[in-house]
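Structural overview for review
This is what each chain is made of:
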Amino acid sequence: MDIAVMGAGGVGGYFGGLLARAGNNVTFIARGAHLAAMRSNGLRVISSNDGEFVVPGQATDKPAEVGHQELVLFTVKMYHNEDAITAIAPMVGPDTIVLTLQNGIDNGERLAEVYGPDRVMIGSAYLEGRIAEPGIVTQGGPGAASFGERTTGITERGKRLLDVFQTAGWRVELLENMTGMLWKKFAYLSGSAGVCAASGCAYGELRSVPETRSAIQEAIAEALAVGEAAGAPLEPDSLEWSMNALDNFPATGMASLAKDFAEGQPVELEGLTGTVIRMGRQHGVPTPINNALYAVLKPRANRIESGQSAN
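Note that this is a predicted model, so its numbers are computed, not measured. Along each chain, the written sequence defines residue order, and numbers are assigned to residues from 1. In view of the model being predicted, local features appear only for residues whose pLDDT reaches at least 70, and side-chain atom pairs are presented and counted only at 80 or more, with totals across whole chains, interfaces and linings using the full set of residues. Values shown for side chains rest on all heavy atoms present in the structure; no hydrogens or waters enter the calculation.

**A word on the packing of helix α8 (residues 210-229) against helix α12 (residues 288-305)**
Direction vectors running N to C along α8 and α12 enclose 110 degrees, while the axes themselves pass 8 Å from each other. By the angle between their axes, α8 is roughly perpendicular relative to α12. Between α8 and α12, the contacting residues are Ala215, Glu218, Ala219 and Glu222 on the first element and Pro288, Ile289, Asn290 and Leu293 on the second. Axis lines are fitted through C-alpha atoms, for helices just across the contact stretch, and the angle between N-to-C directions can take any value from 0 to 180 degrees. Runs of H or I in DSSP of at least four residues are treated as helices and runs of E of at least two as strands, each being numbered from the N terminus. Throughout, the term roughly parallel applies to angles under 35 degrees, roughly antiparallel to angles over 145, roughly perpendicular to angles from 65 to 115, and oblique to all others. Two residues qualify as a contact provided that any one of their heavy atoms is within 4.5 Å of a heavy atom in the partner residue.

Okay, here's the thing in structure tokens:
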């Protein structure tokens, strides 16, 4: 397949690297030192699941040079959406599939507004992924993904992508109700990552303290209540699934949101906790735990945005 990866960080670098290793024609859209290192030495993937491997550095910061692709993996951080959604336009042809594997809940809608609902599929990634240094990405945690259509059902194009992904070694599911799964992931991530970032503690510690565990569960429940009020096709086991995900996450692991705060990197606070609060107000759903998390984290996010130290 001709595949472009928009955002060659932890998620795009890992899953795109597997696709390139399997022989697909993969082009990574990157910038700066990461792009330069990939062009010189290829992209090195250090994976807890798949070991260490290097794929050719077919990379550019100019999507117009790439041309129409069969698949665009859209894996940028949510705070880059506005620019990145516009930037992929030269790569999107009449039959291109744009698959978002981002955090958050409304990325598919934003892409569909620009490129039409028929071109967009949605998905989720479950991993600890980072750019360790320019040209090198790491994968920890489950290293899995799920994807599907924005509406309920399994399609032939979904089956084709599933075959491509599985052949490349992805640990992946094609789901009939991907929107329901996306709400599970969003509720779990917004709640657990918000508490992780606010506390600065690893998941093993968070889930073992009864008061903290309860706060995470309540934050997740608030997000799910927002989804229900918004008319999302929630699955009955959403809260149970989320708490199981919390218990199965590596004990020493931390959410990317917490790591970004600690490193003074831009954060996805608005796309996670901020979105729960915004949609809660829109649909008349109280979100007191998420409100408190946002209030604690917002000053640090503002400091990072203004270029000051977050510590």
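**Re the environment of Met78**
With respect to the helices and strands, Met78 occurs in the loop between β6 (69-74) and α3 (81-87). Through-space distance from the C-alpha of Met78 to that of Gly104 is 7.5 Å; in sequence the pair is 26 residues apart.

**Things to note about the pattern of salt bridges**
Should a side-chain nitrogen of Lys or Arg be within 4 Å of a carboxyl oxygen of Asp or Glu, the pair is scored as a salt bridge. Within this structure, the stated rule accounts for 16 salt bridges. The shortest N-O distance in the salt bridge between Arg160 and Glu70 comes to 3.0 Å. Here Arg160 is found in helix α5 (residues 156-167), whereas its partner Glu70 is found in strand β6, with 90 residues between them in sequence. Glu128 is the partner of Lys259 in a salt bridge, and the nearest nitrogen-oxygen pair spans 2.9 Å. Linking Lys259 in helix α10 (residues 256-263) with Glu128 in strand β8 (residues 120-133), this pair joins segments that are 131 residues apart in sequence.

**Overview of the environment of Gly13**
Position of Gly13 among the secondary structure elements: in helix α1 (residues 10-21). In this scheme, a residue with accessible area under 20% of its type's maximum is buried, one over 50% is exposed, and one in between is partly exposed, where area comes from a 1.4 Å probe on protein chains only. Note on Gly13: relative accessible area 0%, which makes it buried. Apart from residues no more than four positions distant in its own chain, Gly13 is found in contact with Gly7, Ala8, Phe28, Leu43, Val45 and Val137.

**Structural notes on the packing of aromatic side chains**
Each Phe, Tyr or Trp ring, with Trp reduced to its six-membered ring, pairs with another whose centre is within 6.5 Å; inter-plane angles below 30 degrees give stacked pairs, above 60 give edge-to-face pairs, and intermediate values give tilted ones. Per the counting criterion, the structure on display carries eight aromatic pairs. When the centroid spacing of 4.5 Å and the interplanar angle of 55 degrees are considered together, the rings of Phe15 and Trp170 count as tilted. Linking Phe15 in helix α1 with Trp170 in the loop between α5 and β10 (171-174), this pair joins segments that are 155 residues apart in sequence. Ring pairing ties together the aromatic residues Tyr14, Phe15, Phe147, Phe165 and Trp170, which thus form one cluster. Both a distance and an angle decide whether a charge sits over a ring: NZ of Lys or CZ of Arg must be within 6 Å of the ring centre and within 35 degrees of the ring normal. When the ring centre of Phe53 is taken as reference, the NZ or CZ atom of Arg21 above it lies at 4.3 Å.

**Observations concerning the nonpolar core**
Throughout, nonpolar core names a set of buried Ala, Val, Leu, Ile, Met, Phe, Trp, Tyr and Cys residues whose side chains join them through atoms within 4.5 Å. If you look at the biggest cluster of nonpolar residues, it comprises 45 residues, and the most contacted ones within it are Trp183, Tyr188, Tyr203, Ile220, Leu257, Phe261 and Val267. Secondary-structure elements contributing two or more residues to this core are β8, α6 (178-199), α7 (203-208), α8, α9 (238-248), α10, α11 (270-283) and α12. For this core, the leading source of residues is α6, giving twelve residues. The residues contacting Trp183, other than those within four sequence positions of it, are Ile105, Ala223, Leu224, Val226, Gly227, Ala232, Leu234 and Met279. Residues Ala8, Phe15, Val164 and Ala168 belong to the second largest nonpolar core, which totals 38 residues.

**Some thoughts on the packing of α8 against α11**
Packing of α8 against α11 brings their axes to within 9 Å, and their N-to-C directions diverge by 45 degrees. Classed by the angle they form, the pair α8 and α11 counts as oblique. When you trace α8 past α11, the crossing you get is left-handed. Facing Ala223, Val226 and Ala229 of α8, the residues of α11 in contact are Val276, Met279, Gly280 and His283. The handedness criterion is simple: a crossing whose near helix is rotated anticlockwise from the far helix by less than a right angle is left-handed, and one whose near helix is rotated clockwise is right-handed.

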